Amino acid sequence: MSTIDINDILIRRLDVTARVTDQVVELSERHQGGLLIERLIGRYVIDADARKVWRLVDGRRSIARVVEDLAAETALPAAELVEPVLGLCRRLVELDILQVVTPTDAALLDLVAVAG
């Protein structure tokens, strides 16, 4: 199991593509609103609930902030979302789909934001 915690900031790996596609229907029973995530070595489907988390992972928000924003968006209590969100994030880190932001990553993101 991955050792990430609620205060970590995650970012998508550069070799990951995500798309809405008809192939999701073929790969998952819970395909409605799902997302196909592909890497060179694997293909994964996340459902509509996980897609909401995926959208909020941006390299700037901590997992705690993702939970807060998701709670505000869904009107669900944040306390009920912590474990499912952490579990999803841990699994995506284990699959090398997400990674913890390093200080170097954060500095580069800040430069992009200023230049952008």
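Everything quoted here is computed from the prediction, not taken from an experiment.

(A) Region of interest: helix 4 (residues 78-94). Taking 1.5 Å of rise per residue, 17 residues should cover 24 Å, and helix 4 covers 24 Å from first to last C-alpha, within 8% of that figure. All of the buried residues in helix 4 are Leu-81, Val-85, Leu-86, Leu-88, Cys-89, Arg-90, Leu-92 and Val-93. Contacts from the buried residues of helix 4 go to strand 1 (10-12), helix 2 (48-56), helix 3 (63-74) and strand 5 (98-100). Two residues or fewer after helix 4 comes Asp-96, characterised by a positive phi angle close to 60°.

(B) Broad picture of the nonpolar core. Membership of the largest hydrophobic core comes to 26 residues, with the highest contact counts inside it found for Leu-10, Val-53, Trp-54 and Val-85. Secondary-structure elements contributing two or more residues to this core are strand 3 (35-39), helix 2, helix 3 and helix 4. With near-sequence residues (within four places) excluded, Trp-54 lies in contact with Arg-12, Val-16, Ala-18, Leu-35, Ile-37, Ile-46, Leu-92, Ile-97 and Leu-98.

(C) How the structure looks around the sheet that holds strand 3. On the basis of which strands lie adjacent, the open sheet formed by three strands has the order 2-3-4 and antiparallel pairing. Looking at which strands have only one partner, the edges of the open sheet turn out to be strand 2 (17-19) and strand 4 (42-46). Averaged over all pairs of adjacent strands, the angle between their axes in this sheet comes to 20°, without regard to strand direction. Here strand 3 runs beside strand 4; their pairing, made up of five bridges, is antiparallel.

(D) Looking closely at the packing of helix 2 against helix 3. The interhelical angle for the contact between helix 2 and helix 3, taken along N-to-C directions, is 125°, at an axis separation of 10 Å. When the axes of helix 2 and helix 3 are compared, the pair comes out oblique. Where helix 2 crosses over helix 3, the handedness of that crossing is right-handed. Contact residues: Lys-52, Val-53, Arg-55 and Leu-56 in helix 2; Val-66, Asp-69, Leu-70, Glu-73 and Thr-74 in helix 3. Considering only residue class, the contact of helix 2 with helix 3 consists of four nonpolar, one polar and four charged.

About the criteria used
Residues numbered from 1 in each chain as written. Predicted model: local features only at pLDDT ≥ 70, side-chain atom pairs only at ≥ 80, totals over all residues. Heavy atoms only, no water. Helix = DSSP H or I, 4+ residues; strand = E, 2+ residues; numbered from the N terminus. Expected span 1.5 Å × (residues − 1). Buried < 20%, exposed > 50% of the residue type's maximum accessible area, 1.4 Å probe, protein only. Contact = heavy atoms within 4.5 Å. Core = buried A, V, L, I, M, F, W, Y, C linked by side-chain atoms within 4.5 Å. Pairing = 2+ DSSP bridges. Axes fitted to C-alpha atoms, helices over the stretch in contact; angles between N-to-C directions. Parallel < 35°, antiparallel > 145°, perpendicular 65-115°, else oblique. Left-handed = near helix turned anticlockwise from the far one by under 90°. Nonpolar A, V, L, I, M, F, W, Y, C, P; charged D, E, K, R; others polar.

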